[in-house]
Each structure stands twice: as C-alpha cells, then as structure tokens.
Amino acid sequence: MASHVSMLTATDARSHIHLIVGSNPLAAGRCGQSLGAGASPILLAPETAELHYALQKRIDDGEVKWIKEAFRDEHLFTLGREEVGHIVDAVFVTYGPRDPLSAHISSLCKRNRIPVNVVDAPQLCTFSLLSTHVDGPLQIGITTNGRGCKLASRIRREVAASLPPNLGAACSRLGDVRRKIQEEDHLLHMALADGDDVDDSIDQSANFNKLVTEADLDAAKNRRMRWLSQICEYWPLKRLAAITDDDVSTILKSYEDMGPAESIGKSSTPSSNPTDRGRIILAGSGPGHPDMLTRATHKAIQSADLILADKLVPSGVLDLIPRRTPVHIARKFPGNADAAQAELMERAIAGVRAGRVVLRLKQGDPYLYGRGGEEVAHFRAHGLGDRVLVLPGVTSALSAPLFAAIPCTQRDVADQVLICTGTGKKGRPPAPPEYVPSRTVVFLMALHRIGGLVAELTAPVEAETEKEKDNKEGVEGVSGGSARRQLWPRTTPCAVVERASCPDQRVIRTTLDRVVEAVEHEGSRPPGLLVVGRACAFLNEPEKGRAWTVEEGFRGLDFESALETL
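Here the structure is a predicted model, which means the values were calculated and not measured. (Residues numbered from 1 in each chain as written. Predicted model: local features only at pLDDT ≥ 70, side-chain atom pairs only at ≥ 80, totals over all residues. Heavy atoms only, no water.)

(A) Seen up close, the overall build of the protein chain. Helix and strand content of the protein chain: 20 helices and 18 strands. Per-residue burial for the protein chain yields a buried fraction of 45% across its 566 residues. Across the protein chain, every contact between residues at least 6 apart in sequence was considered, and the portion connecting residues at least 24 apart equals 67%. Taken as a whole, the protein chain presents about 29700 Å² of accessible surface, with 51% of it coming from carbon and sulfur. (Helix = DSSP H or I, 4+ residues; strand = E, 2+ residues; numbered from the N terminus. Buried < 20%, exposed > 50% of the residue type's maximum accessible area, 1.4 Å probe, protein only. Contact = heavy atoms within 4.5 Å. Areas by Shrake-Rupley, 256 points an atom, 1.4 Å probe, with all protein chains shown as cover.)

Written out as structure tokens, the structure is:
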C-alpha cells in the first residue's frame with residue numbers, strides 16, 4: 001500500500017461538541033482528551049452499558065453528559081452547537097473496526113463531512129490523534145499514520161526527554177515579549193522586514209537574513225522584533241529554556257539605546273591579578289557539530305572566564321560551555337551588524353583589562369570571512385596585540401561540501417576551488433567570478449540575495465555592460481577588444497547546504513536556473529552556503545523530471561552506527 005503523509009493541524013476545540021460512542025476505558029480516555037482541549041464531550045451508550053469507572057466519575061462530576069441511548073443517525077445532527085446547525089464537531093468511535101456500527105458511523109460522517117476517528121481502523125478515520133507532549137503552550141505531536149501507535153508513543157517520549165526543562169515556560173515568556181513589542185511598536189504587524197512571523201507551520205523565509213540598510217526606516221523601527229526573531233532562531237534551546245523575567249526586560253529594552261546588553265543568566269568576577277591573566281582568544285568552532293571542534297578550541301571553551309559568541313555558533317557547541325561561565329551572544333541581525341560588532345569589541349576589551357580570559361567564539365574559521373583580522377587589528381590599536389591568540393577552525397566552505405557528498409576537486413571534473421562571499425561590505429555585491437569549467441566555487445553569505453547572485457553569474461553586470469559600451473565607442477584610454485568575463489551556464493549544477501553537520505542539515509540540489517525558485521519554495525535554514533560547479537553532480541546525478549531535490553538530516557559522524565552495520 002502506498003504511504004501517505006497527513007496534514008498535521010492544531011485545532012482550537014474550545015466550545016466544540018465531541019460525540020464519544022462507547023463505554024469502555026478508551027471512551028474514558030477520549031473524554032479526557034476532549035476535556036483537555038476545552039471541548040464538551042457527550043457520551044453515547046445504552047443505559048444498560050457497563051461504564052468504566054473513570055467515565056462514571058466524570059459523569060457524576062458533571063464533566064461529561066451521558067445520552068443513555070444506542071447510536072442513531074440523527075444524533076450526529078441534533079446534539080451539536082446551535083451556531084453550526086446542531087451538527088456535532090467530531091465523533092470518536094471506540095467499538096473497534098470489526099463492529100459493523102463502526103463502519104456505518106464512519107461512512108455517515110464522511111458523507112456529511114464530520115470528522116470521525118475509529119479506534120484501530122485508519123481506513124475508517126478522517127483524522128487521528130497524535131501521541132502528544134504538552135508543556136504549557138508547547139505541544140509536540142508524533143504520528144506514524146496508523147503504522148504503529150506504540151512506536152509513536154516511544155518516539156514522543158524520546159523527543160520529550162531530549163528537550164530542556166521549562167521550555168514551555170520560555171515559550172510563554174517569549175510570547176509575552178512579542179505581544180508587548182507589538183503593542184509598543186505600532187508598525188510591528190509589518191515587521192521583520194519580510195513579514196513572515198505569522199505561522200508555526202512556515203519555516204524561515206528566503207529573506208530571513210536579507211540586508212537592511214540604514215535607510216530602511218521601517219526595519220529600524222522594528223529592530224526589537226527582528227532581534228527577538230534572531231534569538232528564537234539562534235539561541236540554544238537550553239538558554240531559551242532558562243530565560244528569566246529579567247532577561248525578558250533586557251530584551252524589551254534592547255536597542256532603545258545602544259547600551260550594552262547583559263549576559264544571560266550569568267555573572268563574572270574580575271581577576272585579582274589583571275596584569276597577569278587578561279587575554280583574548282579568537283577561536284573558530286567549526287561548521288556546527290561539536291566533534292568538529294579542535295582540541296585547542298575545546299580547551300579554550302572550558303577555561304575561559306567570559307565567552308562572546310557569534311549568533312551562528314550552534315547549540316551543540318554552546319552546550320559545552322561550563323555553567324559557571326558567563327556567555328554573551330552577539331545581538332546581530334541584518335542592518336545592525338556593525339553596532340553589535342562594536343558592542344562585542346567593547347566587552348572583549350573591558351574583559352581583558354579586568355584580567356579575564358575572554359574567548360571570542362566564532363563559527364568556522366576566524367580568518368575566513370569571520371572578521372578575525374579586523375578584530376585583531378582593533379585589539380592591537382587598543383594596545384592589546386600581545387594579549388591576542390588566534391585558534392583555527394574547520395571552515396564550512398570546505399567541510400559543508402564534503403557533508404553534502406560533493407568532492408570539490410574530483411579528478412577529471414574540478415581541479416580548483418574558489419571561496420567567495422556573496423555579499424560585500426555594506427551589502428554591496430562583490431565582483432562575480434568568471435566561469436571556469438574545472439572550477440568549484442563556494443559562496444558564503446549569499447543565500448539572502450540568491451536571486452541577485454545568480455543574475456550576476458549568468459549575465460553581465462552593469463559595470464561590465466558600461467565597459468563594453470565604452471570599448472565599442474572607442475573611449476580614450478580604453479583599448480578595444482578586452483576579454484569579457486566568461487558567464488556561467490544556467491544549467492550548471494549547484495547545491496545549497498544549510499546547517500552543515502547539524503542534526504537538521506539540509507541539502508537542496510538543483511541548477512543555477514532553478515536555485516532561486518528552490519530556495520524561495522523551501523525557505524531558509526541559516527546558516528547556509530551555495531556550491532556551484534560540475535563537482536556537485538559527480539556523486540549525485542540529477543533525477544529526471546525534478547527541478548530540485550531536498551535531503552534532510554545529518555549522520556556523517558555517527559561512528560558507532562556505521563561500525564554496527566559492518
């Protein structure tokens with residue numbers, strides 16, 4: 001039988017009328033679930049039926065109404081709410097699939113578009129109940145689509161056990177922050193500059209990290225909401241779960257002025273001997289997986305007095321930080337990068353002058369598009385050059401293609417690798433590289449402007465068009481016949497690799513002519529990069545008839561599982 005995927009929804013069942021058919025223990029459970037969702041369950045069972053004791057108690061307490069009759073068709077159309085024509089909102093049949101009444105009720109409900117659930121009979125149901133974990137406003141549901149409810153329960157327990165405690169309370173607090181910001185900033189209903197903070201079912205849009213210029217007044221007015229969205233996306237769940245009312249106040253006050261923000265949940269004590277101890281360590285944390293840390297960086301994490309982390313440093317790495325160590329995560333979002341960077345530099349200098357070992361923790365490698373060089377120059381300018389130590393890291397520019405099964409220098413396919421940025425200083429587009437058939441190009445910081453980048457690769461940019469025009473007109477000082485940049489064929493294979501080496505790694509394989517559409521359709525999962533070149537298709541031949549394919553998940557460092565299969 002062909003598998004199917006259900007549409008998972010969250011139903012507001014408050015004031016709904018649920019009809020529960022049967023009197024067994026499952027009927028008692030269905031009544032409990034109905035009451036938990038705010039609905040009013042009506043039990044339909046003959047007066048002679050033997051009621052489960054939990055059912056009897058709920059009836060005695062007035063929580064459940066008992067209609068002491070056998071099922072009749074008219075019950076579906078007479079026991080519901082007046083505002084919906086007395087039609088019940090949902091029906092739960094607890095008799096099982098072998099009882100002829102189950103099939104009859106299912107058929108009748110389907111014919112009249114009444115949601116129906118029949119125990120142990122997926123073919124008779126129009127909806128199923130998920131195995132759920134509830135923590136305040138946070139609900140997590142697991143379904144196997146009728147393939148095995150016990151397995152769904154096991155998976156749900158495993159998922160729930162992996163979550164940090166108090167995450168539901170954090171959802172409530174962050175929800176309160178969002179509402180307060182909306183109330184205080186009247187333009188917030190158009191905020192986030194991409195307007196996508198509206199639905200739990202929607203992933204981050206392709207514009208999540210798009211550039212915001214100083215002239216973008218709406219974004220400036222809405223910077224607190226943008227900061228909140230970045231917190232929810234980048235902070236580790238453990239730190240979100242530990243958020244306090246004081247932290248909420250700090251978030252609400254953020255960017256009213258550009259004063260320093262407090263580190264979350266921690267404080268640090270100055271060293272008694274500042275002259276001897278103070279130093280700054282710039283370290284790369286690799287692409288994401290904590291096993292990709294160098295031993296030197298891991299030692300620095302364990303021994304630092306203060307950690308200043310970029311927002312892209314993943315939770316798996318931040319989880320290694322000792323609880324005693326104060327951590328400040330950069331308040332960077334598009335349009336605020338320079339101010340947030342200056343704040344980090346001020347904190348680092350203050351820390352080292354107070355005698356602390358300050359770890360400036362970055363993703364990837366500090367010197368590969370990590371602003372590490374300018375940070376070292378900044379510290380030197382403040383007389384701290386001899387206090388700076390730089391530790392290398394595994395760059396995603398080379399490791400992400402590997403995790404996506406892209407051999408960048410595959411023999412007879414590619415003999416060179418070029419690493420580029422997709423976004424220049426102040427958001428200006430950099431000069432696009434020319435097409436070389438034997439070259440693999442990796443673009444960092446490019447996905448937020450993927451449309452512009454593809455256009456620059458596959459067609460002449462304005463400066464090239466103007467130069468060619470001048471050459472044709474014989475402008476003085478310009479020699480004619482200069483070589484034009486070789487443009488990239490739109491059929492060139494490419495791949496978008498997001499959150500490389502993290503559990504939610506995603507790879508989108510396509511071609512230059514379809515990558516913009518693919519990213520807009522699939523949404524954004526930062527951080528990510530773009531790999532372009534024939535090497536992208538060497539181990540991953542395109543599927544005929546498909547514009548792009550999507551691969552989810554990462555198990556590249558699961559040594560134990562790999563050994564077990566041998």
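(B) Here's a closer look at the packing of helix H17 (residues 450–458) against helix H19 (residues 515–522). Following both chains from N to C, one finds H17 and H19 inclined at 175°, their axes separated by 9 Å at the closest point. Between H17 and H19, the interaxial angle falls into the category roughly antiparallel. Along its contact with H17, which presents Ile450, Gly451 and Val454, the element H19 presents Val515, Val516 and Val519. The residue makeup of the contact of H17 with H19, split by class, is 5 nonpolar, 1 polar and no charged. (Axes fitted to C-alpha atoms, helices over the stretch in contact; angles between N-to-C directions. Parallel < 35°, antiparallel > 145°, perpendicular 65-115°, else oblique. Nonpolar A, V, L, I, M, F, W, Y, C, P; charged D, E, K, R; others polar.)

(C) Structural context of the pattern of salt bridges. One pass over the structure, following the stated rule, counts 22 salt bridges. In this structure, the salt-bridge partner of Lys362 is Glu375, at a minimum N-O distance of 2.7 Å. Of the two residues, Lys362 sits in strand S11 (residues 357–362) while Glu375 sits in helix H15 (residues 372–381), which places them 13 residues apart along the sequence. For the pair shown, Lys362 and Glu375 are each scored as buried. Between Glu374 and Arg371 there is a salt bridge whose closest N-O contact spans 2.9 Å. What makes Glu374 partly exposed here is its relative accessible area of 43%. (Salt bridge = Lys/Arg side-chain N within 4 Å of Asp/Glu carboxyl O.)

(D) Spotlight on the sheet that holds strand S12 (residues 388–391). Strand order in this open sheet of 5 strands is S10-S9-S11-S8-S12, and the pairing throughout is parallel. Both edges of this open sheet fall to strand S10 (327–329) and S12, since each of them pairs with a single strand only. For this sheet, the mean angle separating the axes of adjacent strands, direction not counted, is 15°. Note: strand S9 (residues 306–309) against S11, 4 bridges, orientation parallel. Residue pairing for S11: Ile307 is matched across the bridge by Leu359. The sheet contacts of H15 involve strand S8 (279–284), S11 and S12, and relative to S8 the element is tilted by about 175°. (Pairing = 2+ DSSP bridges.)

(E) Inspection of helix H6 (residues 167–184) at higher detail. With 18 residues, H6 extends 26 Å between its outermost C-alpha atoms, agreeing within 8% with the 26 Å of an ideal straight helix rising 1.5 Å per residue. Every buried residue of H6 is listed here: Leu167, Gly168, Ala170, Leu174, Val177 and Ile181. (Expected span 1.5 Å × (residues − 1).)

(F) How the structure looks around the sheet that holds strand S16 (residues 506–511). Spatial ordering of the open sheet is given by S13-S14-S17-S15-S16-S18, a layout of 6 strands whose pairing is mixed. Since the sheet does not close on itself, it has two edges, and those belong to strand S13 (416–421) and strand S18 (549–552), each with one partner. Averaged over all adjacent pairs, the angle separating strand axes in this sheet is 20°, with direction ignored. With 6 bridges connecting them, strand S15 (residues 493–498) and S16 associate as antiparallel partners. When the sheet's bridge partners are listed, Val497 is paired in S16 with Val507.

Any functional reading would require information beyond the geometric quantities listed.
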